[in-house]
Amino acid sequence: MKVDAAVLFGIKEEYQIREIELDGPRDHEVLVELAASGMCHSDDHAVTGDLPCPFPTVAGHEGAGVVTEVGRDVTGLKPGDHVILHPVPNCGKCRWCSKGMAYLCDDGAFGLTGYAPDGTWRRRLDGENVGAYCQLGTFSPLTTVSETQVVKIDDDIPLHTAALIGCGVTTGFGAATTVGQVKPGDFVVVVGVGGVGSAAVQGARVAGASTIVAVDPIEFRREQALGFGATHTFASVEEAFDTVRDLTRGVMADVTIITVGVFHGDLAPVLALTSKGGRCVLTSITPVHETTANISLFDLGMMNKTLVGHIFGCANPRADFPRLLDLYRSGALLLDEMITTTYDLSQINEGVAAMHEGTNVRGVVTYK
Ligand SMILES: NC(=O)c1ccc[n+]([C@@H]2O[C@H](COP(=O)([O-])OP(=O)(O)OC[C@H]3O[C@@H](n4cnc5c(N)ncnc54)[C@H](O)[C@@H]3O)[C@@H](O)[C@H]2O)c1
Ligand SMILES: [Zn+2]
Ligand SMILES: [Zn+2]
């Protein structure tokens, strides 16, 4: 079938809206008519080349919509089901899925290849294969995806809102709650409060943190963070230092969370904000070719600190999406407030620019 898509043709190029040929679902796949796709910074790593992927590619990996067709052997999904798509597959069979660590599912190895795990492609343009970022390609109103990357949700959840759960919210919330293990009364610092950081602030609030310091050079993002639960804001880690020290009587933060757009390894200042025995959570993505970091290993070792990385907030989508949606229903998790701007697919490059300028919290491409 023919469908419009925002296609990337090369590094540092803008998205071009092109009509591509999309195959229908094969075995264990579904066709989803998307209502919306969030614009996560991780898509931008494909644009900059920080995360290499084949071109041309349809980016976008944070979507929600309605199943319109199911392939052979699909169980548990039917046309009409409302679903959230997620970038990390959940095959249910590999060692990691079996251990309750779906975020490490072996099928995730194909996330940046553009093709399905069996080596076949689902999209073409002028006879050439077109990849799908994270095998989702949600910057298009229709997408064919594996049933392992789809979770059915209740019909009462607005699909535009649900899209955010597909990546950024789940990642940020899990960074604070699951990975950071924030406890009631904790002092938390979140460095970078875009889409993922705003969710980390909320995770810290829901977990009962007493103080949440949001750090971001962009004033609008700092103002928004206050609405999500931050108690103090600063423009840089350096500016936050004295206040964190004074408020904690020199103890420093129980948990620090790094959610800046692109992280180049300057860990020492954030580790210095972290208390003895505290946890420093690395959520941001660093360009794959960068392999050095600025870190005091003395501080890490002798102060008994934990530096922990993670993918997707260590989330198991089938267990964690319903929990997050219940928090949304209860009013504890603010999602609609995160969608500061919506875009038509034709405006996608405006959305990318706004993400860089920080004039939105989460931009969302809407299809219906
Ligand atoms: N670990 C994962 O599984 C996972 C999942 C999703 C996203 N991510 C990554 O998380 C990061 C954040 O994504 P996002 O969508 O929220 O991005 P975003 O662009 O919406 O927000 C990033 C924020 O960081 C701020 N920032 C930049 N430099 C800073 C600095 N030095 N100090 C403080 N703040 C700074 C920016 O002003 C911006 O507000 C990205 O690197 C993204 O790729 C990781
Ligand atoms: Zn993402
Ligand atoms: Zn698996």
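Structural data are supplied above this passage.
A quick note: this is a predicted structure, and the numbers were derived from the prediction, not measured.

The rules we used
Residues numbered from 1 in each chain as written. Chains lettered and ligands numbered in written order. Predicted model: local features only at pLDDT ≥ 70, side-chain atom pairs only at ≥ 80, totals over all residues. Heavy atoms only, no water. 1 Å grid on protein atoms, 1.4 Å probe; cavity = no way out; pocket = protein on both sides within 12 Å on 5 of 7 lines; lining within 4 Å. Points joined across faces, edges and corners; volume = space filled by probe spheres on them. Helix = DSSP H or I, 4+ residues; strand = E, 2+ residues; numbered from the N terminus. Nonpolar A, V, L, I, M, F, W, Y, C, P; charged D, E, K, R; others polar. Salt bridge = Lys/Arg side-chain N within 4 Å of Asp/Glu carboxyl O. Donors = N, O, S within 2.8 Å, 3.2 Å for Na, K, Ca; no water. Tetrahedral: all angles 85-135°; square planar, octahedral: opposite > 155°, others 65-115°. Buried < 20%, exposed > 50% of the residue type's maximum accessible area, 1.4 Å probe, protein only. Pairing = 2+ DSSP bridges. Axes fitted to C-alpha atoms, helices over the stretch in contact; angles between N-to-C directions. Contact = heavy atoms within 4.5 Å.

Asks: It is not clear to me how the layout of surface pockets should be interpreted in this structure. Could you clarify?
Replies: Take a probe with the size of a water molecule and roll it over the atoms, and the empty space left behind shows itself. The space that makes up the second largest pocket amounts to roughly 670 Å³. If you go around the second largest pocket, you meet 30 residues; those closest to its centre are Asn90, Ser146, Glu147, Thr148 and Arg318. Those elements that provide at least two residues to the lining of the second largest pocket are strand S10 (150-152) and helix H10 (317-330). Looking at the lining of the second largest pocket element by element, the count peaks at 5 residues for H10. The class makeup of the residues in the lining of the second largest pocket is 10 nonpolar, 7 polar and 13 charged.

Asks: How should the pattern of salt bridges be read in this particular structure?
Replies: A side chain with one charge can pair with a side chain of the opposite charge if their charged atoms come near. This model, assessed by the stated rule, comprises 16 salt bridges. When the shortest N-O distance is used, the salt bridge between Asp126 and Arg18 registers 4.0 Å. Here Asp126 is found in the loop between strand S7 (123-125) and strand S8 (128-132), whereas its partner Arg18 is found in strand S2 (residues 16-22), with 108 residues between them in sequence. Residues joined in a network through salt bridges with shared partners are Asp154, Asp156, Asp326 and Arg329.

Asks: What is the right way to read empty space enclosed by the protein from this model?
Replies: Tallied over the entire structure, the rule returns 3 cavities of 30 Å³ or more. By volume, the largest cavity amounts to about 110 Å³. Lining the largest cavity are 15 residues, and of these Glu29, Ala116, Arg122, Gln135 and Thr144 lie nearest its centre. The residue inventory of the lining of the largest cavity, partitioned by class, reads 6 nonpolar, 6 polar and 3 charged. Every residue along the wall of the second largest cavity is listed here: Thr170, Phe173, Gly174, Thr177, Thr178, Gly313, Cys314, Ala315, Asp320, Arg323 and Leu324. Looking at the lining of the second largest cavity, the elements that each hand over two or more residues are helix H4 (168-179) and H10. For the lining of the second largest cavity, the element with the highest residue contribution is H4, accounting for 5 residues. For the lining of the second largest cavity, the residue count by class is 4 nonpolar, 5 polar and 2 charged.

Asks: What's the story with the coordination of the zinc ion (ligand 3) in this structure? I'm lost.
Replies: A metal bound by six donors in octahedral fashion has ideal angles of 90 or 180 degrees, whereas one bound by four tetrahedral donors has an ideal angle of 109.5 degrees. In the first shell of the zinc ion (ligand 3), the protein supplies Cys91 (SG), Cys94 (SG), Cys97 (SG) and Cys105 (SG), at 2.4 Å from the metal. Coordination at the zinc ion (ligand 3) is tetrahedral, judged from the 4 donor atoms that bind it and the angles of 104 to 117° they form at the metal.

Asks: I'm lost on the coordination of the zinc ion (ligand 2) in this one. Help?
Replies: Each protein donor to the zinc ion (ligand 2) is listed here as Cys40 (SG), His61 (NE2) and Cys167 (SG); together their distances run 2.0 to 2.3 Å. Written as a sequence motif, the donor residues of the zinc ion (ligand 2) are C-x20-H-x105-C. Residue Cys40 is found in the loop between strand S3 (29-38) and helix H1 (41-48), and its partner His61 is found in the loop between strand S4 (57-58) and strand S5 (63-70); the two are separated by 21 residues along the sequence. Side by side, Cys40 and His61 carry an identical accessibility label, which is buried.

Asks: Sorry, what's going on with the sheet that holds strand S14 (residues 253-258) here?
Replies: Strand pairing within a sheet occurs via backbone hydrogen bonds; the two strands may be parallel or antiparallel. A sheet is described by the order of its strands in space; here 6 strands give the open sequence S13-S12-S11-S14-S15-S16, paired in parallel fashion. Looking at which strands have only one partner, the edges of the open sheet turn out to be strand S13 (232-234) and strand S16 (306-309). With direction set aside, neighbouring strand axes in the sheet form an average angle of 15°. Looking at chain direction, strand S11 (residues 187-191) and S14 are connected through 4 bridges and run parallel. In the strand pairing of S14, Val188 is matched with Val255. Each of S14, strand S15 (274-282) and S16 is contacted by H4, which is oriented at about 145° to S15, the strand it contacts most.

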